[in-house]
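Understanding the architecture of this molecule
Each chain, written out:
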Amino acid sequence: MIVEDPRSARTAERITLRVNGTDRTLDVDARVTLLDALRERLALTGSKKGCDHGQCGACTVLLDGRRVLSCLTLAVAAEGAEILTVEGLAREGELHPVQRAFVACDALQCGYCTPGQIMSAIGCIAEGRTGDDAEIAEAMSGNLCRCGAYPMIREAIARAAG
Amino acid sequence: MTIAIGEARERVDAIAKVTGAATYSAEHQLDDVAFAVLVLSTVARGRIARIDDADARAVPGTLAVITHRNAPVLNGEITGRPGLDKHLLLLADDRIQFDRQPVAIVVAADLETAREAAALVRVEYASEPPIASVDDPRASWFFPKQTAHMEPPEIVRGDAASARAAAAVVVSATYTTPLENHNPIEPHASIAAWDGDRLTIYDATQGVFEERRKIAGVFGLPEDDVRIISPYVGGAFGNKGSVWYHQVFAAAAARIVDRPVKLVLDRDQMFAITGHRPHTRQTITFGADGDGTVTSFEHDVLATTSMFDVFTESAGEYTAMAYAFPNVIIRHRLVRTNFGTPTFMRAPGEATGTYALETALDELAEAVGIDPIALRLRNYAESDPNKEKPFSTKYLRECYARGAERFGWGARSRAPRSMRDGRELIGYGMAGGAYPAQIFDAAASVSMETDGRVTVRSGTQEIGQGTYTAIEQIAASELAIDPARVRLELGDTRYPRAMNSGGSTTIASVGSAVALACRDLARQLGGRSRPERRLSATATFTTPDDREGYSCYSFAAQFAEVGVDPDLRTVRVRRMFGVFDVGRVINARLAHSQFVGAMTMGIGMALFERTIVDPRTARIMNANLADYLLPTNADIGQIDAEALGIRDDIVNPIGTKPVGEIGICGAAAAVANAVYHATGRRIRDLPIGPRVLG
Amino acid sequence: MQPVSYRRVRAVDEAVRAGSAPGSAFYAGGTTLVDLMKLDVMMPASLIDITHLPLAAIEETNRGLRIGALARMSDVARDARVVERFPAVAEALERSASGQLRNMATIGGNVLQRTRCAYFRDAATPCNKRRPGSGCGAREGINEDHAILGTSEACIAVHASDFAVTLAAFDAIVHTTSANGERAIPSAAFFHRPEATPDRETALEPGDLIVAIELPRSRAAARSTYVKVRDRTSYAFALASCAAGVERAPDGTLADVRVALGGVATVPWRAHAAEAVLRGARPNAETFAAAARAEFAQARPTTQNAYKIELGMRTMVRALETVTA
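Residues numbered from 1 in each chain as written. Chains lettered and ligands numbered in written order. Predicted model: local features only at pLDDT ≥ 70, side-chain atom pairs only at ≥ 80, totals over all residues. Heavy atoms only, no water.

1. Focus: the overall build of chain B
The condition is simple: Going along the chain from the N terminus, every DSSP run of H or I of four or more residues is numbered as a helix, and every run of E of two or more is numbered as a strand. With the radius of gyration taken over C-alpha atoms, the globule rule is written as 2.2 Å times the number of residues to the power 0.38. Each residue is assigned to one of three classes by its accessible area relative to the maximum for its type, calculated with a 1.4 Å probe on protein chains only: buried under 20%, partly exposed between the two thresholds, exposed over 50%. Any pair of residues with heavy atoms lying within 4.5 Å of one another is described as a contacting pair. Note that accessible areas follow from Shrake-Rupley with a 1.4 Å probe, and for residues the cover is restricted to the protein chains shown.
Scanning chain B for helices and strands turns up 16 helices and 29 strands. What you see for chain B is a C-alpha radius of gyration of 26 Å, in line with the 26 Å of a compact globule of 694 residues. Reported as C-alpha extents along the three principal axes, the dimensions of chain B are approximately 75 × 75 × 50 Å. Within chain B, the proportion of its 694 residues that are buried is 68%. Of the contacts made within chain B by residues no fewer than 6 positions apart, 82% connect residues no fewer than 24 positions apart. About 21600 Å² of surface is accessible on chain B, with carbon and sulfur atoms providing 47% of the total.

2. Remarks on the overall build of chain A
Note the following rule: Charge assignment: positive for Lys and Arg, negative for Asp and Glu; neither His nor the chain ends contribute. For charged residues, the charge sits on one atom: NZ in Lys, CZ in Arg, CG in Asp, CD in Glu.
Within chain A one finds five helices and five strands. Mapped from its N terminus to its C terminus, chain A presents α and β elements in the order β-β-α-β-β-β-α-α-α-α. Here the C-alpha atoms of chain A give a radius of gyration of 16 Å, agreeing with the 15 Å that 2.2 N^0.38 yields for 162 residues. Across the 162 residues of chain A, 65% fall into the buried class. Contacts in chain A between residues at least 24 apart in sequence constitute 52% of all its contacts with a sequence separation of at least 6. Summed over all atoms, the accessible surface of chain A reaches about 5100 Å², with 46% contributed by carbon and sulfur. Across chain A, the mean location of the 18 positive side-chain charges is 3 Å away from that of the 22 negative side-chain charges.

3. Focus on the packing of aromatic side chains
Residue and element names in this part refer to chain B. Which entries qualify depends on this criterion: Side-chain rings of Phe, Tyr and Trp (the six-membered ring for Trp) are treated as a pair once their centres are within 6.5 Å; stacked means planes under 30 degrees apart, edge-to-face means over 60, and tilted covers the remaining angles. Each ring is checked for a lysine NZ or an arginine CZ that lies within 6 Å of its centre and within 35 degrees of its normal; such an atom marks a charge sitting over the ring.
All chains considered together, the criterion is met by 23 aromatic pairs over all chains. A ring pair is formed by Phe 311 and Phe 344, whose centres lie 5.3 Å apart and whose planes are at 85°; its orientation type is edge-to-face. Here Phe 344 lies in the loop between β18 (327-336) and α9 (350-368) and Phe 311 lies in the loop between β17 (294-305) and α8 (315-321), a separation of 33 residues in the sequence. Ring geometry for Phe 407 and Phe 559: centres 5.6 Å apart, planes at 35°, overall tilted. You can see Phe 407 sitting in helix α11 (residues 396-407) and its partner Phe 559 sitting in strand β27 (residues 553-564), a full 152 residues away along the chain. Of the two residues, Phe 407 and Phe 559, neither departs from the other in class, the shared state being buried. A cation over a ring is seen here: Arg 331 above Trp 141, with NZ or CZ 5.5 Å from the ring centre. Here Arg 397 stacks its cationic end above the ring of Tyr 380, 3.8 Å away from the centre of that ring.

4. Structural notes on the side chain of Thr324(C)
When you line up the elements, Thr324(C) lands in helix α15 (residues 307-324). What Thr324(C) contacts, discounting residues up to four positions off in sequence, is Arg223(C), Val246(C), Arg248(C), Leu254(C), Pro283(C) and Phe288(C).

5. A look at the packing of α9(B) against helix α15 (residues 667-679) of chain B
All names here are of chain B. Heads up, the rule is: Convention adopted: a line fitted to C-alpha atoms gives each axis, helices being fitted over their contacting stretch, and angles between N-to-C directions are expressed from 0 to 180 degrees. Here a crossing is taken to be left-handed if its near helix is turned anticlockwise relative to the far helix by less than a right angle, and right-handed if that turn runs clockwise. When residue character is reported, Ala, Val, Leu, Ile, Met, Phe, Trp, Tyr, Cys and Pro are called nonpolar, Asp, Glu, Lys and Arg charged, and the others, Gly included, polar.
Packing of α9 against α15 leaves a shortest axis separation of 8 Å and a crossing angle of 35°. At the point where α9 passes α15, the crossing takes the right-handed sense. In this structure, α9 contributes Thr 354, Tyr 355, Glu 358, Thr 359, Asp 362 and Glu 366 to the contact, and α15 contributes Ala 668, Ala 669, Ala 672, Asn 673 and Tyr 676. Here the residues of the contact of α9 with α15 are counted per class, giving five nonpolar, three polar and three charged.

6. As for the domain arrangement of chain B
All names here are of chain B. What counts is decided by this rule: Note that the domain bounds were set by an automatic or database domain assignment. Computed with a 1.4 Å rolling probe, the buried area is the accessible surface lost when two parts are put together, summed over both parts. By definition here, a salt bridge exists when the distance from a side-chain nitrogen of Lys or Arg to a carboxyl oxygen of Asp or Glu is within 4 Å. We call two N or O atoms a polar contact when they sit within 3.5 Å, provided that within protein one can donate a hydrogen and the other can accept it, with sequence-adjacent residues counted only if both atoms are side-chain atoms.
For chain B, the assigned domains are domain 1 (25-128 + 185-235 + 240-273), domain 2 (346-354 + 369-438 + 549-693) and domain 3 (440-542). Its C-alpha centre places domain 1 at a distance of 34 Å from the equivalent point of domain 3. Tallying the contact residues gives 19 residues for domain 1 and 19 residues for domain 3. Overall, the association of domain 1 and domain 3 removes approximately 1600 Å² of surface from exposure, summing both partners, and the carbon and sulfur fraction of that is 49%. Its largest share of buried area at the contact with domain 3, domain 1 owes to Gln 206, Phe 209 and Arg 227, together 41% of the area lost on that side. Counting across the domain 1 and domain 3 interface gives two salt bridges. Here Arg 497 makes a salt bridge to Glu 223, at a shortest N to O gap of 3.9 Å. Our count for the contact surface shared by domain 1 and domain 3 stands at nine residue pairs in polar contact (both at pLDDT 80 or more). Among the elements of the structure, α5 (208-219) and β14 (226-229) are those that each provide at least two residues to the side of domain 1 that touches domain 3.

7. A look at the sheet that holds strand β11 (residues 254-262) of chain C
Residues and elements named next belong to chain C. Operational definition: Any two strands with at least two DSSP bridges between them are considered paired.
Spatially, β9-β10-β11-β12 is the arrangement adopted by the four strands of the open sheet, whose pairing is antiparallel. The two strands at the open ends of the sheet, each matched to only one other strand, are β9 (224-229) and β12 (269-270). As judged from the two bridges shared by β11 and β12, these two strands associate in the antiparallel manner. Paired with Leu 261 across the two strands is Trp 269, which belongs to β12.

8. Some thoughts on the domain arrangement of chain A
Residues and elements named next belong to chain A. Each assigned domain of chain A is listed here: domain 1 (11-88) and domain 2 (97-161). Centre-to-centre separation of domain 1 and domain 2, based on C-alpha positions: 21 Å. Three residues stand out in domain 1 for area buried against domain 2, namely Lys 48, Arg 67 and Val 86, and they jointly supply 46% of the buried area on that side. If you look at where domain 1 meets domain 2, you find one salt bridge.

9. Section: the environment of Ser46(C)
All names here are of chain C. Inspection of the secondary structure assignment puts Ser 46 in strand β3 (residues 46-49). Accessibility expressed as a relative area gives 15% for Ser 46, which makes it buried. Separated by 173 residues in the primary sequence, Ser 46 and Arg 219 place their C-alpha atoms 44 Å from one another. Ignoring sequence-local partners within four residues, the contact set of Ser 46 consists of Val 4, Ser 5, Gly 23, Ser 24 and Ala 25.

10. A few points about the pairing of strand β29 (residues 636-643) of chain B
All names here are of chain B. What counts, and what does not: Look down the strands so they point away from you; if going from the first strand over the helix to the second traces a clockwise path, that crossover is right-handed.
As paired strands, strand β28 (residues 571-581) and β29 are joined by seven bridges and run parallel to one another. Residue pairing in the sheet places Gly 578 in a bridge with Ala 641 of β29. The handedness of the β28 to β29 crossover, carried by helix α14 (residues 588-607), is right-handed.

11. Some thoughts on the nonpolar core
Where a protein is soluble and globular, its nonpolar side chains tend to be buried together. Applied cut-off: Nonpolar cores are built from buried Ala, Val, Leu, Ile, Met, Phe, Trp, Tyr and Cys residues. Side-chain atoms within 4.5 Å join them into one set.
Counting residues in each nonpolar core, the largest one holds 231 residues, and the members touching the most others are Val107(B), Phe219(B), Val248(B), Phe286(B), Leu357(B) and Leu364(B). The residues touching Leu357(B), leaving out its near neighbours within four places in the chain, are Ile284(B), Phe286(B), Phe297(B), Tyr318(B), Thr319(B), Ala322(B), Tyr323(B) and Phe325(B). With 73 residues, the next largest nonpolar core counts Ala88(C), Ala172(C), Ala274(C) and Val323(C) among its residues.

12. Focus on helix α1 (residues 34-41) of chain A
Along α1(A), six of the eight residues are buried, which leaves the element largely enclosed by surrounding structure. Among the residues of α1(A), those classed as buried are Leu34(A), Leu35(A), Asp36(A), Ala37(A), Leu38(A) and Arg39(A). Considering only its buried residues, α1(A) is in contact with β1 (13-19), β2 (22-28), β3 (60-63) and β5 (82-84) of chain A together with α3 (111-119) of chain B. Two residues or fewer after α1(A) comes Ala43(A), characterised by a positive phi angle close to 55°.

13. Brief notes about the pattern of salt bridges
All names here are of chain B. One pass over the full model with this rule turns up 101 salt bridges over all chains. We note a salt bridge from Glu 298 to Arg 164, for which the minimum N-O separation is 2.5 Å. Taken as a pair, Glu 298 in strand β17 and Arg 164 in helix α4 (residues 160-165) lie far apart in primary sequence, 134 residues in all. Glu 298 sits in the buried class, given a relative accessible area of 16%. A residue is classified by how much of its surface remains accessible, and Arg 164, at 29% relative accessible area, is partly exposed.

14. Examining the interface of chain A and chain C
Chain A puts 37 residues into the contact, and the matching count from chain C is 36 residues. On the chain A side of the contact with chain C, Arg31(A), Arg66(A) and Leu72(A) bury the most area, a combined 21% of that side's loss. Our count for the contact surface shared by chain A and chain C stands at three salt bridges. With a shortest N-O distance of 2.9 Å, Asp52(A) and Lys38(C) are connected by a salt bridge. Counting across the interface, chain A meets chain C through 18 residue pairs in polar contact (both at pLDDT 80 or more). If one sorts the elements of the side of chain A that touches chain C by residue count, strand β4 (residues 66-69) of chain A sits on top with four residues. The residue makeup of the side of chain A that touches chain C, split by class, is 16 nonpolar, eleven polar and ten charged.

Here it is in structure tokens:
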């Protein structure tokens, strides 16, 4: 998938993104971010645009199992990776343990940062950064919450991490 | 099987939110949507000398470029509640009056093209030196006609000057708060679609009905031809309660390109064109007896507004009622600047007024050598000294007592720099606060099907405060049924009219309307558990007459513990505890989350937040979330809050007082007072941190 | 964002060939590039995705540790050898950015990150770094975050990388390859002060590809720390920071001392004057204060950033206290 000539750089190329276990084909030009591909091309609006510059964490998804910011990832560069979004967590109507914990601990208010918090939390747990409250707080500081649900978010993550 | 009000029921929209199913404004799926991007001015004052949009138009996929040369004529005069009229500068001419004023709308078939074309709109300006400071020699102050809640700009009781002259102790200081921005995580976003002359806007708004009225006014449409839809709002805090530029321009663009248009603001754009909390400079002077009884109180509030609108950050409304000060003069003055028009930001006036007064009281307490709580008790207001009415309920003493006990205030040694934890300097600070219980008119309908399902409808909003949950709980309680049978539909002008979700009024106003409608429905049911045919009832709630003789407020006592590194001067809030008198609590979990969230915003106000403006250009230089510092998870230690839960039978039929904003009232002062106690340094300009403590 | 072409390369020589085209840029973590492309501050014509090159390994060499340029910040921070032999490096990485950004950003990209100066990032304002000759918006404007060391008339922007501060402290070597062959560039020569050409930030020539960063082992590196002072507890750039490492002689004096500063200078700042005071001296409060004063004597503050002098000195003292405790 090589585009040599900048004048044709605006041309959309067909790429395949593996999202939530399913191959999705879409036409994007090189500038389209993974976040915009999800939200505007694939109707997967669970990942949120908060700042579009990697400063708020609302766009967090898992890429090959690692938490990353989809607003700073080009869609073309994500071809070949396993992308997991919030829509891919629940299995047959059963919430993921992190989702369940967020509900139980009221770790949300307006809900807009919530998918990013949850994806980041799953990544954080996989990284083994949930030893105590202070470690969770530090490890989750890439996800801003203006509603101020932080203590409840930490409680939910501690609960889900077991 | 009655579910009691007060039960900490799980948020009913939580599952939609944790699965990504909740639909926010930019996420509604429409066919054939085009994308609009705004071009904003890069000067704050002057004129557009030239716009060259040829390169923008030449980008394949660009559908339209709208500037002042070809913009449709729109009515930019927005009438609001009294004193809150506003002007939108809708590409009517070449004049620039604030940094990042809209100068063009670019519409394209996809987002990347719209952004590319927007960057190619080349604008040249004849710029003039802007007014970027209250101290600019060209800036002269004036009195607004009234404050935000329609008080006179000058509030006078007795003779403050004489009382001060005769006072044993005089303490005076000036406090400043910077420009602040709301920064909800969801950017403002609208999708506008026309069907002939009928307009639908999917929006993120605190008020679908107010928006409908204002949009109709801008476009000269009958209100019935405008529909606003907003089922979920990703945070607001005051800056989604108005019609700004993005809704109007999305609709205008949609009409021009004859397709639905989606317009999502960039984060930096939000700083300029969705309102902000203005800068305040507040001077407080006490005259007092040697025991701390205040005999004279003077409060001068100087705040900024835009060149073309008046918004009054009414910090003196709190100070006029909070304590039994007998001789008082409070003034609100404004200065016009080349900033955008400010707006309500969580506890508008109360957040800034509590910061100044509750810090000043701390200084007075120290000057006369008594405990800060004792000082407040000595000046306790049994009734509202400004309105000269009794409070409907006031349990502030209980808040102080409960807070002091739970927090461990008694362990505080009075002298600054007297407490440590290892190397860290520890400080304890406290403050009080109050927030008025307003009522906005609200209507609601309730219907019950033959299978017992209940649908409640109201044109109100869910901005995270828990409307869906609390209203369903109220309805269920009134009808003595399981809340799982109740479903609230909101955020649509097709539903009964309600006012903005602002001023912490939603539960009280809509909840009361719902309660009244449910009582009617219950009468119709006549004791049966299910009807034989569908039943419905509608009710409207307005301010009860029997409340007229009372002053209704929520009250707060805030306690903060900070740790300050003595060398590096970093400040951390280790612990914070608030006790709130908010009447009856509908849902303890929702209320707790609101308190904690607002206290967190108070920590941001005290330690981190300020919108930085280049004084030469009036350009906002930190219009992003890396440089405008919101509290992170790691900044928030142990925060807890408690509501006294004592119901108020006068304020409204369901006994609740406001919850959503009381949590920020006094929070910043409690933190600032704690920093003083830890360090012995009194910083009177927010935010406080290592740059200034050094 | 202006149009840009994209290609993915699978071998280093393919990357080098592609990188020789004018207007090309290497895409790795994307955290700087995509951010600045959205602001029209960086505007490459073509992107060369190097993320699939085999350059992520962390290997022992006879000098120390060689970290592949595509190693992610989070992986390097957690590597047991880095944690044990270069604790300041691990700490600096952990105190950078956020968990997500550390998973995306690479070591090579980290040292090439651009300044956070608001005028650099705002294409509507003057900036000699972004547009040579257009002026310095910060000097006459808002400069409270700007540099007090290494400044010039043309530019006072602070270098933003925490990791690079540790490279300066421990004499790291930046290994590059290009059509002209390989180079091993010492850290001190890699980062360029602004002087009259603030747009030239490093020793890299167009088409150069960083392949690895080598950390020479030393006892001082093994006994090191990174102290970072920020406005908020996490996820913020440094107001002032310091990487410090010491080796003590049998008599308790300091045989070897490495000190470098961040948040206060236009480049990762090796504190030579401080080291000169410390070397051979007894580690105590007086020595630390004298060393800090010696280094900051050359500071040239503006009216807004003068707080960085005192704060910078205290940060250095704290780092030295920590490693000599």
